[in-house]
Amino acid sequence: LWAQTTTPNMGLTKPRVGSVGWGAAVNANFDKIDTGAFPKINNIRFVDGVKFTTLAAAIADLPAGGGIVIDTTLTAVSVTADPFAGVPSTKHLHVILAPTTYTTNVAWNPPENTWIDGHGPRTTTIKPGANSFFVLRFISGATGGQYFRLSNLTVDGAKASFAGSGGIEVKGYGQPAE
């Protein structure tokens with residue numbers, strides 16, 4: 001059986017040696033947990049409000065090949081800077097948004113090879129603030145793009161509230177949107 005201990009305010013700690021029963025190879029994988037700051041495990045980052053306070057900070061900290069960012073924020077989020085600014089298309093991302101509303105005053109420009117996931121329509125919502133024209137802009141590079149994916153969320157273009165606003169802009173993708 002799995003023998004696991006917990007530390008207050010830190011979450012899970014490494015299993016006791018041999019407790020898994022599969023030998024050192026399994027226990028060695030737990031040495032990759034940054035126990036000084038739990039929100040960082042291998043290529044997974046948690047927006048926890050302490051080590052990573054924004055999506056941008058968690059995305060920037062991922063390794064060059066990319067990874068997964070999980071936002072644990074439970075209150076409404078006001079976004080004033082593109083969380084994907086400067087992220088190369090070689091950094092493949094899976095961003096899991098919290099079950100809240102993100103009001104953004106700038107368009108989000110995710111790189112190619114990005115999957116943005118929520119917790120369900122009308123549970124996770126991205127909508128424009130007063131200064132945003134598009135909420136999400138997917139614009140591929142010269143290669144024609146690989147993919148982008150949106151799932152389990154609502155993108156509110158807020159056309160009734162902001163004249164000329166839109167929800168999603170897609171340009172230059174040779175592949176179908178998913």
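Residues numbered from 1 in each chain as written. Predicted model: local features only at pLDDT ≥ 70, side-chain atom pairs only at ≥ 80, totals over all residues. Heavy atoms only, no water.

## Looking at the sheet that holds strand β3 (residues 40-41)
The condition is simple: Two strands qualify as a pair provided that DSSP identifies no fewer than 2 bridges between them. Each helix is a run of H or I in the DSSP string that is no shorter than four residues. Each strand is a run of E no shorter than two, and both are numbered from the N terminus.
Sheet architecture is open: 6 strands sit in the order β3-β4-β5-β7-β9-β12, paired in mixed fashion. Each having just a single partner strand, β3 and β12 (148-151) make up the two edges of the open sheet. Here strand β7 (residues 92-96) runs beside strand β9 (residues 114-117); their pairing, made up of 4 bridges, is parallel. Bridge pairing in β9 links His94 to Trp115.

## Considering the environment of Ser89
Formally: Under the scheme applied here, a residue whose accessible area is under 20% of the maximum for its type counts as buried, over 50% as exposed, and between as partly exposed, the area being computed with a 1.4 Å probe on protein chains only. Note on definitions: a residue-residue contact is assigned when non-hydrogen atoms from the two residues lie within 4.5 Å.
Looking at the secondary structure, you find Ser89 in the loop between β6 (77-79) and β7. In this structure Ser89 comes out as partly exposed when scored by relative accessible area, which is 33%. Here the alpha-carbon distance between Ser89 and Thr114, two residues 25 residues apart in the chain, equals 8.5 Å. Non-local contacts of Ser89, meaning those with residues more than four positions away in its chain, are made with Pro111, Glu112 and Asn113.

On their own, these measurements won't tell you what the molecule is for.
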